[in-house]
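In case you want the letters, here they are:
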Amino acid sequence: LQEALMKPAKEAPLVIVKGMAGTAKTFYSLAVGLEKIVNHPSGEYRRILICRPNAQFDEDIGFLPGDEQEKISPLMRPVIDNLEQLIDSNEEERYKDETELKGKIEEIFARGIIQTEALNFIRGRSFVKTYLIIDEAQNMTPNQVKGIITRAGAGTKIILLGDPGQIDKPFLDERTNGLSYASEKMKGSPLCWQVTMSAEECERSALAMDAIQRL
């Protein structure tokens, strides 16, 4: 997984990562993006752009109160959870000063290093030199995933993350969802790297690991 994510966009512009919850798909994707942009900036990417489709209101987001960021902020809570771990890897000290931790995360967004957008706001646009993470991609339709991949501009790397067995959107199933569709259609492409995480790679807790195997 790390090799696929670290490869430059010209060699691996599309990475598809499938795996159950807790296998650190989002964590590793964010870690590599921050490594490329913050820790060892080379100008390879301008920003990290994250989209996390939501089955409940993707199509109706315009009717919700607030601006775009206020509307999608609940969707991005899992991203914030991962950033908290990346910014402070010391589990014993991480949450002793919640204000300081929150400030560090807000600075990343304020500097434009990481940006978030709703799915229906990014379709039809072209992205240049962008590290684009689509989380929960199994809740996309084939047309949605095609619309994003075919809009990839020069120097953009797209990472599709998800679990085909965990569909939350009506009319999609394990085979017809956008993640599985892209995985099948891009098989054999030298520009697409595909990784499947096993249940044994669950990073959350002993309980999470046990539940994945039993439930």
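Cut-offs and rules
Residues numbered from 1 in each chain as written. Predicted model: local features only at pLDDT ≥ 70, side-chain atom pairs only at ≥ 80, totals over all residues. Heavy atoms only, no water. Buried < 20%, exposed > 50% of the residue type's maximum accessible area, 1.4 Å probe, protein only. Helix = DSSP H or I, 4+ residues; strand = E, 2+ residues; numbered from the N terminus. Pairing = 2+ DSSP bridges. Right-handed = clockwise from strand over helix to strand, strands pointing away. Phe/Tyr/Trp six-rings, centres within 6.5 Å; stacked < 30°, edge-to-face > 60°. Axes fitted to C-alpha atoms, helices over the stretch in contact; angles between N-to-C directions. Parallel < 35°, antiparallel > 145°, perpendicular 65-115°, else oblique. Left-handed = near helix turned anticlockwise from the far one by under 90°. Contact = heavy atoms within 4.5 Å. Nonpolar A, V, L, I, M, F, W, Y, C, P; charged D, E, K, R; others polar. Salt bridge = Lys/Arg side-chain N within 4 Å of Asp/Glu carboxyl O.

**Q** So what's going on with the pairing of strand 4 (residues 130-134)? Residues and values would help.
**A** With 5 of its 5 residues buried, strand 4 lies for the most part within the structure. Burial along strand 4 is two-sided: the residues Thr130, Leu132 and Ile134 and Tyr131 and Ile133 are all buried. Here strand 2 (residues 47-51) pairs with strand 4 via 5 bridges, running parallel. Counterpart to Ile48 in the pairing with strand 4 is Tyr131. Pairing between strand 4 and strand 5 (residues 157-162): 4 bridges, direction parallel. Within the sheet, the bridge partner assigned to Tyr131 lies in strand 5 and is Lys157. In this fold, the crossover linking strand 4 to strand 5 by way of helix 7 (residues 142-149) has right-handed handedness.

**Q** Quick rundown of the packing of aromatic side chains? Include the residues and the values.
**A** Scanning all chains against the criterion turns up 2 aromatic pairs. Each ring, one from Phe27 and one from Tyr28, has its centre 5.8 Å from the other, and the planes form 80 degrees; the classification is edge-to-face. Overall, Phe27 belongs to the partly exposed group, its relative accessible area being 24%. Geometrically, the ring pair formed by Tyr45 and Tyr131 is edge-to-face, given 5.4 Å between the ring centres and 65 degrees between the ring planes. Remark: Tyr131 occurs in strand 4 and Tyr45 occurs in the loop between helix 2 (25-39) and strand 2; sequence separation between them is 86 residues. Overall, the relative accessible area of 6% leaves Tyr45 in the buried class. Judged by its relative accessible area of 0%, Tyr131 is buried.

**Q** An account of the packing of helix 2 against helix 4 (residues 77-87) is needed here, citing residue identities and associated values.
**A** At a minimum axis distance of 10 Å, the contact between helix 2 and helix 4 shows a crossing angle of 60 degrees. On the basis of the axis angle, helix 2 is oblique to helix 4. Between helix 2 and helix 4 the crossing geometry is right-handed. Residues Thr26, Phe27, Leu30, Ala31 and Leu34 of helix 2 lie in contact with helix 4, whose contacting residues are Val79, Asn82, Leu83, Gln85 and Leu86. When grouped by side-chain class, the residues that make up the contact of helix 2 with helix 4 number 7 nonpolar, 3 polar and no charged.

**Q** Describe in detail the pattern of salt bridges, supporting the description with residues and values.
**A** Across all of its chains, the model carries 8 salt bridges by this definition. Measuring nitrogen to oxygen at the nearest pair gives 3.6 Å for the salt bridge that ties Glu100 to Lys104. Separated by 4 residues within a single helix, Glu100 and Lys104 lie in helix 5 (residues 98-110), roughly one turn from each other. The class for Glu100 is partly exposed, based on a relative accessible area of 44%. Members of the salt-bridge network, linked through shared partners, are Arg52, Asp135 and Glu136.

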